[in-house]
Amino acid sequence: MKNYSRRAFIKQNSITGIGVFVGLSVPSLLMNNSLFAQTGEPIIDIHQHTNYVDRTDDQLLAHQRAMGVTLTVLQPAGRPLDYGSTYYGVGNGLQAKATGNEACYNFSKKYPKEFLFGANEVPDFPGAIEEIEKYLKLGAPFIGESKFNVECDSPEMQRIYALADKYDVPILMHWQHKMYNRGLERFHTMLEKYPNVKFLAHSQSWWANMGKEQVDQNNIYPKGKVTPGGLVDVLLTKYKNLYADLSAPSGLNAILRDEEHMKAFMERHQDQIVFGSDCPDAFGHGEKCTGAKIIAGIKRVAPSKRVERKILYGNSKRLLKLK
């Protein structure tokens, strides 16, 4: 990877993971205009970031409240490193300027009723396990977001899986072909080797593989009808320690490209799908808010109210071991 062009990397991939983001000011009225205030139904957002594309803490708070989210899990980045696993710095901050463990910890302590903090580190950093364990001991109920240029079955990642097993916490993994968490086709071996670890899968290559029609792995935002029985369908059916994080533009695309398929998919895997926004927007509503559109899509497509509530709240509550 030392010969990989940073310019080519940024040009081809800087937008694909996070969608388009513009506008930063947040009207104060949104602080009291939440979906929760209107419906009284709690929502857990299992996937959000601090300083996401330079969004401020105040904007993050307003965004989550405006979406109606009652509890958010902050997914920290690993430390900035000039390693191959971070594409020699290009992938630092989860390639989105997201901040790390300390920032997420401090923010969650400021708003403990609304935010939880995860634990993360660059897997091949020599002190990775100690850094992640430090925040697990402080109360982090989650490891992730793991978004690094590593093989999914590498020794470095397996040490993190073993740590997740030890602390009985889930781990969130970003799957992007030839970019992050390489080897989706081999992932089943890790699901079998670590049956007590709850793995959450997310992002482009994950949701692109819902259907049998997915052949070209370079097509990370496929369109059109989905043929049931793709890799994702098979993995979720066989491995009950696997969960699907329906977040980001990739999750929204999975809903919108074939709503009839997604309705049946939600029915089949209703206990293994969770809502995440992974949204850098500052407003929490409107055309540029991926998170709000995912919530609306789940509400529209879910086969029943019961399944909707599982995806928006119940499954994450169980994963986080909340009372």
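Worth saying up front: this structure is predicted, and the values here are computed from it rather than measured.

## What about the overall build of the protein chain?
In terms of helices and strands, the protein chain carries 13 helices and 8 strands. Scored against the burial criterion, the 323 residues of the protein chain give a buried share of 56%.

## Points about the nonpolar core
The biggest cluster of nonpolar side chains holds 68 residues, and the ones touching the most others in it are F187, F199, W206, L242, M262 and M266. The greatest single-element share of this core, amounting to 5 residues, is contributed by helix α6 (residues 155-167).

## Looking at the pairing of strand β5 (residues 171-174)
Residues I171 and M173 point to one face of β5 and L172 and H174 to the other, with burial holding for every one of them. Looking at chain direction, strand β4 (residues 143-146) and β5 are connected through 2 bridges and run parallel. Counted as the bridge partner of S146 is M173 from β5. Remark: the β4/α6/β5 crossover connection has right-handed handedness. In this region the chain leaves β5, passes through helix α7 (residues 187-193) and returns to the parallel neighbour strand β6 (residues 199-202); the handedness of that crossover is right-handed.

## Things to note about helix α9 (residues 231-238)
Considered for burial, the residues of α9 that qualify are V232, D233, L235 and L236. An end-on view of α9 places all buried positions within 165° of arc, on one side of the element. Packed against the buried residues of α9 are α7, α8 (204-208), β7 (242-246) and α11 (259-268).

## Concerning the pattern of salt bridges
Where charged atoms of side chains with opposite charge meet at close range, the side chains can pair. Tallied over the full model, the rule gives 21 salt bridges. The partner of K97 in a salt bridge is D54, and the shortest N-O contact between them spans 2.8 Å. Pair noted here: K97 is in the loop between β2 (71-74) and α4 (101-110) and D54 is in the loop between β1 (44-48) and α3 (57-67), with a separation of 43 residues, a long-range link. Note that K299 is salt-bridged to E308, the shortest N-O span being 3.3 Å.

Cut-offs used in this document
Residues numbered from 1 in each chain as written. Predicted model: local features only at pLDDT ≥ 70, side-chain atom pairs only at ≥ 80, totals over all residues. Heavy atoms only, no water. Helix = DSSP H or I, 4+ residues; strand = E, 2+ residues; numbered from the N terminus. Buried < 20%, exposed > 50% of the residue type's maximum accessible area, 1.4 Å probe, protein only. Core = buried A, V, L, I, M, F, W, Y, C linked by side-chain atoms within 4.5 Å. Pairing = 2+ DSSP bridges. Right-handed = clockwise from strand over helix to strand, strands pointing away. Arc of directions from axis to C-beta. Contact = heavy atoms within 4.5 Å. Salt bridge = Lys/Arg side-chain N within 4 Å of Asp/Glu carboxyl O.

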